[in-house]
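Survey of secondary and tertiary structure
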Amino acid sequence: MTSTLPSRRSFLALSGLTVLSASMTAACGGDSGGRPAADGKVTFEWWNIATTEPGKSLFPEISTAFTKAHPKVAINTTSLENEAFKSKLTATTSSGKLPDVFQTWGGGVLQQQVDADLVEDLTDLLDWSSQLTPVSLQAYQFGGRTYGIPYDIGMVGFWYNKKLFAKAGITAPPATWAAFLEDVKKLKAAGITPIALAGKEKWPGHYYWAYLAMRVAGLPALQKAATTKDFTGAGFVRAGAHLKELVDLEPFQPGFLGAGYATPGGQAATMGNGKAAMELMGQWGPSVQKDAGADLGADLGFFPFPTVDGGVGQASEVFGGGGGFALRKGAPKEALDFLKFFVLENESKLLASNGYLPVVKGAESQLTDANKKVVADSLVKATGFQLFLDQAYPPAVGQEVNDSVADLIAGKKTPEQVTASITEAAKSA
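Residues numbered from 1 in each chain as written. Predicted model: local features only at pLDDT ≥ 70, side-chain atom pairs only at ≥ 80, totals over all residues. Heavy atoms only, no water.

**Notes on the pattern of salt bridges**
With the rule as written, the count across this model stands at 14 salt bridges. One salt bridge in this structure joins Asp117 and Lys329, with 2.6 Å as the shortest N-O distance. Of this pair, Asp117 sits in the loop between helix H3 (107–115) and helix H4 (134–137) while Lys329 sits in the loop between strand S12 (324–327) and helix H12 (333–344), placing them 212 residues apart in sequence. Using a relative accessible area of 16% as the deciding quantity, one classes Lys329 as buried. Between Asp121 and Arg145 there is a salt bridge, and its shortest N-O distance comes to 2.9 Å. (Salt bridge = Lys/Arg side-chain N within 4 Å of Asp/Glu carboxyl O. Helix = DSSP H or I, 4+ residues; strand = E, 2+ residues; numbered from the N terminus. Buried < 20%, exposed > 50% of the residue type's maximum accessible area, 1.4 Å probe, protein only.)

**Observations regarding the pairing of strand S8 (residues 157–161)**
Burial within S8 is extensive, with 5 of its 5 residues counted as buried. Where S8 meets strand S9 (residues 278–281), 4 bridges bridge the pair, whose relative direction is antiparallel. Bridge pairing in S9 places Trp159 opposite Glu279. Judged from the 4 bridges that link them, S8 and strand S10 (residues 300–303) form a sheet pairing that is antiparallel. By the bridge assignment, Tyr160 is partnered in S10 with Gly301. (Pairing = 2+ DSSP bridges.)

**Describing the packing of helix H7 (residues 203–216) against helix H9 (residues 234–248)**
Running from N to C, H7 and H9 point in directions that differ by 125 degrees, and their axes come no closer than 8 Å. Between H7 and H9, the angle is such that the two are oblique. Regarding H7 and H9, the two cross each other, and that crossing is right-handed. Of the residues in H9, those touching H7 at Tyr208, Trp209, Leu212, Ala213 and Val216 are Gly235, Phe236, Arg238, Ala239, Gly240, His242, Leu243 and Leu246. (Axes fitted to C-alpha atoms, helices over the stretch in contact; angles between N-to-C directions. Parallel < 35°, antiparallel > 145°, perpendicular 65-115°, else oblique. Left-handed = near helix turned anticlockwise from the far one by under 90°. Contact = heavy atoms within 4.5 Å.)

**Structural notes on the nonpolar core**
Of all hydrophobic cores here, the largest spans 129 residues; its most connected members are Trp209, Leu243, Leu246, Met278 and Phe342. The dominant element in this core, judged by the number of residues it contributes, is H7, at 10 residues. The contact partners of Trp209, leaving out residues within four places of it in the chain, are Phe231, Phe236, Ala239, Gly240, Leu243, Leu389, Val401, Val405, Val418, Thr419 and Ile422. (Core = buried A, V, L, I, M, F, W, Y, C linked by side-chain atoms within 4.5 Å.)

**Digging into the side chain of His242**
Among the secondary structure elements, His242 is positioned in helix H9. On the basis of relative accessibility, which here comes to 13%, the residue His242 falls in the buried class. Among residues more than four places away in sequence, those in contact with His242 are Trp177, Leu212, Val216 and Val308.

**Comments concerning the pairing of strand S11 (residues 317–321)**
Taking burial as the measure, the 5 residues of S11 include 5 buried ones, the bulk of the element. Residues Glu317, Phe319 and Gly321 of S11 are buried on one face, and the alternating residues Val318 and Gly320, pointing to the opposite face, are buried as well. In this structure, strand S7 (residues 154–155) lies alongside S11, joined through 2 bridges in antiparallel fashion. Within the sheet, the bridge partner assigned to Gly154 lies in S11 and is Gly321. One ladder, built from 4 bridges, connects S11 with strand S13 (residues 384–387); its direction is parallel.

**Regarding the packing of helix H1 (residues 55–69) against H12**
Where H1 meets H12, the axes come as close as 10 Å, and the angle between the chain directions of the two elements is 125 degrees. As judged from the angle between their axes, H1 and H12 are oblique. Between H1 and H12 lies a crossing of right-handed hand. In this structure, H1 contributes Phe59, Ile62, Ser63, Ala65 and Phe66 to the contact, and H12 contributes Glu334, Asp337, Phe338, Phe341 and Phe342. In terms of residue class, the contact of H1 with H12 is built from 7 nonpolar, 1 polar and 2 charged. (Nonpolar A, V, L, I, M, F, W, Y, C, P; charged D, E, K, R; others polar.)

**Considerations on the packing of aromatic side chains**
Throughout the structure, instances matching the rule amount to 41 aromatic pairs. Both rings, one in Phe85 and one in Trp105, keep their centres 6.0 Å apart while their planes meet at 75 degrees; by these two values the pair is edge-to-face. One end of the pair, Phe85, is in helix H2 (residues 82–94); the other, Trp105, is in the loop between strand S3 (101–104) and H3, and 20 residues separate them in sequence. By relative accessible area, which is 1% here, Phe85 ends up buried. (Phe/Tyr/Trp six-rings, centres within 6.5 Å; stacked < 30°, edge-to-face > 60°.)

**Quick look at the confidence of the model for the protein**
Overall, the prediction assigns the protein a mean pLDDT of 89, with 91% of residues at 70 or greater. Counting contacts from residues 1–32, a segment whose pLDDT is below 50, to residues more than four positions away or on other chains yields 99 contacts. (pLDDT = per-residue confidence, 0-100.)

**Regarding the sheet that holds S13**
The mixed open sheet is built from 3 strands, whose spatial order is S7-S11-S13. Looking at the sheet topology across the chains shown, the edges are occupied by S7 and S13.

**Observations concerning the side chain of Asp390**
Within the fold, Asp390 resides in helix H15 (residues 389–392). Here Asp390 falls in the buried class, since its relative accessible area comes to 8%. There is a polar contact of 3.2 Å between the side chain of Asp390 and the side chain of Asn402. For Asp390, the residues in contact, after removing those within four places along its chain, are Lys86, Val109, Trp203, His206, Gly398 and Asn402. (Polar contact = N/O pair within 3.5 Å; in protein donor to acceptor, adjacent residues only side chain to side chain.)

**Quick notes on the layout of surface pockets**
Considering only enclosed or pocket space, the largest pocket measures out at about 570 Å³ in volume. Along the walls of the largest pocket sit 33 residues, with Ile49, Thr52, Asn82, Tyr261 and Trp284 positioned nearest its centre. Contributing elements (two or more residues each) for the lining of the largest pocket: H1, H2, H7, helix H11 (285–292) and H15. A per-class count over the lining of the largest pocket returns 14 nonpolar, 13 polar and 6 charged. Roughly 400 Å³ of internal volume is contained in the second largest pocket. At the level of elements, H2, S3, H3, H15 and helix H16 (395–409) are the ones that each hand at least two residues to the lining of the second largest pocket. In terms of residue count, H2 provides more of the lining of the second largest pocket than any other element does, 8 residues in total. Residues of the lining of the second largest pocket, tallied by class, amount to 7 nonpolar, 13 polar and 3 charged. (1 Å grid on protein atoms, 1.4 Å probe; cavity = no way out; pocket = protein on both sides within 12 Å on 5 of 7 lines; lining within 4 Å. Points joined across faces, edges and corners; volume = space filled by probe spheres on them.)

Below is the structure:
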């Protein structure tokens, strides 16, 4: 796979890194975080985003199984919704403290925490990393060092309702952007809402611009822009223009600008309840649809983001990422033991829950869901991989991507203004 992680800052001297120790400084979650008590019991903090099923039930189950097998360990868990988690972690990072174990998507956000000397270098401690797939580790590696452990990896694509497609006379998923727009028109003509979108949360909207930029300008252009901090190229402007073509068709559900993702009546519920024909979402899409709305079952299908006529990007270049965990510098060794237990010994449970895709080599054979197999197969065959832009870039740049694309979708910014705003944020970061 092609690495897409931008290099923006020099790394801290490796000599400044410490080995994992049970007696290091307490985590931000409280003075007892990561510090052994008088009786030798170690308590550490674990922050995750498992607020929807299957993680909502599965993560505590795994945590309980670990502490039962290790009675001298206690885990204080904090589960937060995606955006709330990001906000809290940003504030925590600014204070110079992090939880012992925390959710990460890798990329520029994690690199900024690494550069601030807040994250443990796991390279020499992961004698089991060879059991993980290279693509799943990629987002957590900088300068040949590893700072995070994945538990899920996948890609963003269109989840669609086969029954609604058939009702609109669509016999096969579109392979090109032009065909996609025509299908949106067919769905509208049949009285069907084409697309569900969580406009309030912004990050789902950035998927459209990111994929269009990949398809029009190409993956190398995104890599170059990350280095030059210039997103004003013609390909990026065209990406915005193509997104505006879609927006002008008014394809989203009523009230989409105020809709959340996993909230009642939000994007996932609208899709799961059969009230929209498509949503552009990652591998977790079906499980959240089921949790927030209903399970579409055999009516649910998946297709990759279409190519764009005249664009240089290929259909085999994918956009996405997965979930992982990192450790604060000085976290107790038991925290790393927990992550090994979580990833290696519970891979089968994670896959059986139908909410995650494999990070352990060979585990893809355990997949039973047809759509998940399609996603996994697309990843195996991918010729390029781009991490979510709001994670690949520094936090301020990623936030500007989300904000500016949201403004374009809301009709508040032009394609040119989007690229100018992102460029300004990149140069200031």
